[in-house]
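Per-entry structural report
Listed below, chain by chain, are the residues.
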Amino acid sequence: MTGSEKLEEDDVPPETTTEDLLRLGDIASGSEQPPAAQPEAPVVFDVRDLSVFYGSFRAVRNVDFEIHQHQVTAFIGPSGCGKTTVLRSFNRMHDLTEGARVEGTLNYHGIDLYGADVNAVEVRRRIGMVFQKPNPFPKSIYDNVAYGPKLAGAKRSELDDIVQRSLEQAALWDEVKDRLKKSALGLSGGQQQRLCIARTVAVEPEVILMDEPCSALDPIATGRIEDLMDEIKAQYTIIIVTHNMQQAARVSDRCAFFTTEVNEQSDTRTGILVEFDATEKMFSNPSDERTENYVTGRFG
Amino acid sequence: MSAVSPQGLAERPAPSEIGSDLGGRGRGGRTDQAFRLLALLAGLSILAILALIAFSTIQKGWPAFSKLGTDYFFGTQWKPRSGQFGILPLVYGTFVVAAIAVVFAIPVSLGIAMFMTEVVPRRFRFGAITIVDLLAAVPSVVFGLWGIRILAPKLDHIFGNGFFRFLGDIPIVGNLFGDSSGRGFMTAGIVVALMITPIITSVTREVFATVPRNDKEGALALGATRWEMIRGVVLPHSSGGITGAVMLGLGRALGETIAVALLIGANPQISANLLGTGETIPAQIARQLSEANGLFRSALIGLGFVLFIITIAVNVTARRLVVVMDRRLKGA
């Protein structure tokens, strides 16, 4: 992590409004930059000293890193290390869990996501999420994809195009174009997960959070999803939580390794960020011994 | 898991012995058999009780059925003093009161259930549930007395004025809102609505609680507000269960006796005026059975059989509806 410019960003007062967030969304979706995987890609999330609590229990502490635009960032680490907990703080999913609380700074394009004026619904429109278990709605394939755009106020006449474009982006169109009106629950697990991706891209988010999206899928379906991520990362910023280190190595540009720290007094475990770097470096020449032990399979 | 100790390995039987004791009835056989028998008896007792109810009501009601025939089942005049026992006015009143009750109870119950599953913070949830359940513990006759002493005079005042006066002047629809004395279908229906709200609420609440968190988060992650999530995910998911809950409430409303007997006005008639007086099957039975004899008594017991058939039909329809709606939801 580099030092001086970040410090300046920290000094920006967090007095932001929903309008700021709206404006930023426009800027973000309007920027058609080439998918530069260089370290200089613009910062989307700036995370400083982030901790997540469930009641008085601190699940994750002191996370620091930046997420860059049009890159795939992978969170890896053993079970219970807080990867998913951190991921869910990016689209304010913790709002739904009673007693969950986020401390520290989580800036999205310089705006504090947990600021008093920020509307969680607007946040989730820009920062989509794909879940561990495919969760299509018990509706038709068409209605699943059209659900988000309809909420966002898309006109009926636009829906057909949006549905087709989204399903094409998710590499599912050819398989389902003849049965759009059939129930989504009749699809295979891999198809359902791609439908969930189509449903997410249909609302044109800037960021897509993926919480172990392939853990319920077979290797062929997993391969499809990974190819898909590679294709769409030119348009989206992707953060993926995965248990599968090969997957992290294959799909990600940057990688964050989390582990757990046992608190002997209370016998609880808190997740900590060990290392965050370019994926290549993390897997070939990590600077922390714990990362090396994990990626080489000696631990976890 | 700790590693298997060497001793543990040594204690295993030789391969040739494994499986030698799998045959026979063993230890589990007899207790399972006894349990099965007990469960079977319990199940059969329900059928036996139903059959006995049907048998005795048919038997005691038979004189009315055979002597009056279609005049009984399709007659539109229930005037015991002049020997007219046409049950349709009572069937009509029973359904009208139940329908009014369900119409009022559905939105209130769904609202309370949504409030309790999606809005109330966890620590207040138990208290809220207890309060609604307390409503179910209030005796029927107390509801009836409250209806007579407090609600009916107020409704009489309201029905006779303003909005309802205005409704009464509209052609066709106006027939539904005629003269009122404060007692009648509407008053009874409103009180019964209060009485069936707890059961509809608690079943609906349990149905809402079974909606997978995964599905709800899916909607929210797409930028749905809480209400959009409820409308798009929770309600469709629960449609079968809500139907079941409403039918359960309808069943109760059809059979409600004392409160209705106090509030309905005891005037068997088929009238479109929802604010006017009427009579229901259970209310009529409760009112008259102790003083009736001969054909009148037989006609009243026959009414019991008719009500029995109506509630069974409602329940069967409810079950089928739930199955159909679930199937449509899953898209099979």
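Residues numbered from 1 in each chain as written. Chains lettered and ligands numbered in written order. Predicted model: local features only at pLDDT ≥ 70, side-chain atom pairs only at ≥ 80, totals over all residues.

Things to note about the overall build of chain B
- Within chain B, the regular secondary structure consists of 13 helices and two strands.
- Expressed as a percentage of its 332 residues, the buried residues of chain B come to 35%. (Helix = DSSP H or I, 4+ residues; strand = E, 2+ residues; numbered from the N terminus. Buried ≥ 20, exposed ≤ 12 C-beta atoms within 10 Å, placed from the backbone.)

Side note on the interface of chain B and chain A
- The partner chain A presents 24 residues to the 20 residues of chain B that form the contact.
- Among the secondary structure elements, those contributing two or more residues to the side of chain B that touches chain A are helix H9 (213–221), helix H10 (226–255) and helix H13 (295–330) of chain B.
- Ranked by the residues each element gives to the side of chain B that touches chain A, the list is headed by H9 of chain B, at six residues.
- Of the residues in the side of chain B that touches chain A, the class split is eight nonpolar, seven polar and five charged. (Contact = placed C-beta atoms within 7 Å. Nonpolar A, V, L, I, M, F, W, Y, C, P; charged D, E, K, R; others polar.)

Section: the packing of helix H4 (residues 88–119) of chain B against H10 of chain B
Residue and element names in this part refer to chain B.
- Close contact between H4 and H10 brings their axes to 9 Å; oriented N to C, the two are set at 140°. In terms of orientation, H4 and H10 fall into the oblique class. Crossing geometry of H4 relative to H10 is assigned as right-handed. Contacts between H4 and H10 involve Thr-94, Val-97, Ala-98, Ala-101, Val-102, Ala-105, Ile-106, Met-114 and Glu-118 on the former and, on the latter, Arg-226, Ile-230, Val-246, Gly-249, Leu-250, Ala-253 and Leu-254.
- Of the residues contributing to the contact of H4 with H10, the split by class is 12 nonpolar, two polar and two charged. (Axes fitted to C-alpha atoms, helices over the stretch in contact; angles between N-to-C directions. Parallel < 35°, antiparallel > 145°, perpendicular 65-115°, else oblique. Left-handed = near helix turned anticlockwise from the far one by under 90°.)

Some details on H4 of chain B
- The end-to-end C-alpha distance of H4 of chain B is 45 Å, a good match for the 46 Å that 32 residues give at a rise of 1.5 Å each.
- In H4 of chain B, a bend of some 30° at Ala-105 of chain B exceeds every other bend along the element, and Pro-107 of chain B, a proline, comes one to four places later. (Expected span 1.5 Å × (residues − 1). Bend = angle between axes of the 7 residues up to and from the residue.)

With respect to unusual backbone geometry
- Although it is not a glycine, Asn-62 of chain A adopts a positive phi angle of roughly 50°.
- Inspection of the secondary structure puts Asn-62 of chain A in strand E2 (residues 57–68).
- Residue class for Asn-62 of chain A comes out partly exposed when judged on the 15 C-beta atoms lying within 10 Å of it.
- Non-glycine residue Ala-266 of chain B carries a positive phi angle of around 50°.
- Residue placement: Ala-266 of chain B occurs in the loop between helix H11 (258–263) and helix H12 (281–288).
- On the neighbour-count criterion, Ala-266 of chain B (16 C-beta atoms within 10 Å) is partly exposed.

Thoughts on the domain arrangement of chain B
Residue and element names in this part refer to chain B.
- Segmenting chain B into domains produces domain 1 (18–63) and domain 2 (69–330).
- Taken together, the contact pairs seven residues of domain 1 with seven residues of domain 2.
- Here the side of domain 1 that touches domain 2 is composed, by residue class, of four nonpolar, two polar and one charged. (Domains from an automatic or database assignment.)

Concerning the nonpolar core
- The biggest cluster of nonpolar side chains holds 134 residues, and the ones touching the most others in it are Ala-198 of chain A together with Val-97, Ala-101, Val-192, Ile-196, Ala-253 and Val-260 of chain B.
- Excluding anything up to four places from it in sequence, Ala-253 of chain B contacts Val-97, Ala-98, Ala-101, Val-102, Val-192 and Ile-196 of chain B.
- Of all hydrophobic cores here, the second largest spans 13 residues; its members include Ala-64, Phe-85, Ile-281 and Ala-299 of chain B. (Core = buried A, V, L, I, M, F, W, Y, C linked by C-beta atoms within 7 Å.)

A few points about the sheet that holds strand E6 (residues 127–130) of chain A
Residues and elements named next belong to chain A.
- In space, the 10 strands of this open sheet follow the order E5-E4-E1-E2-E10-E9-E3-E8-E7-E6, with mixed pairing throughout. Two strands lie at the open edges of the sheet, namely strand E5 (111–112) and E6, each paired on one side alone.
- Pairing of strand E3 (residues 72–76) with strand E8 (residues 237–241), which is carried by four bridges, proceeds in the parallel orientation. Directly across from Ala-74, in E8, lies its bridge partner Ile-240.
- Together, E6 and strand E7 (207–211) form the strand contacts of helix H8 (residues 189–201), whose direction differs from that of E6 by roughly 170°. (Pairing = 2+ DSSP bridges.)

Considerations on the environment of Pro-286 of chain A
Residue and element names in this part refer to chain A.
- When you line up the elements, Pro-286 lands in the loop between helix H11 (279–284) and helix H12 (289–295).
- You can call Pro-286 buried: it has 20 C-beta atoms within 10 Å.
- Between the alpha carbons of Pro-286 and Val-118 there is a distance of 37 Å; along the sequence they are 168 residues apart.
- Setting aside chain neighbours within four positions, we find Pro-286 in contact with Glu-275, Lys-281, Thr-291, Glu-292 and Val-295.

A short note on the pairing of strand E10 (residues 268–278) of chain A
Residue and element names in this part refer to chain A.
- As paired elements, E2 and E10 share two bridges and run parallel to each other. Within E10, the position partnered with Arg-61 by the bridge is Ile-272.
- Note that strand E9 (residues 254–263) and E10 share 10 bridges and pair antiparallel. Residue pairing across strands places Phe-257 opposite Glu-275, the latter belonging to E10.
- As consecutive antiparallel partners, E9 and E10 are separated by four residues, and within that stretch Asp-267 has a phi angle of approximately 55°, a positive value.

Some words on helix H6 (residues 156–169) of chain A
Residues and elements named next belong to chain A.
- Taking 1.5 Å as the rise per residue, H6 with 14 residues should run 20 Å; its terminal C-alpha atoms sit 20 Å apart, in good agreement.
- For H6, the set of buried residues is Ile-162, Val-163, Ser-166, Leu-167 and Gln-169. Relative to the axis of H6, the buried residues are bounded by an arc of 150° and lie together on one face. With respect to the buried face of H6, the exposed residues turned more than 90 degrees away are Ser-157, Asp-160 and Asp-161.
- Next to the buried residues of H6 lie helix H5 (141–151), helix H7 (173–176), H8 and helix H9 (219–232).
- Looking at the residues trailing H6, positive phi occurs at Ala-171, about 55°. (Arc of directions from axis to C-beta.)

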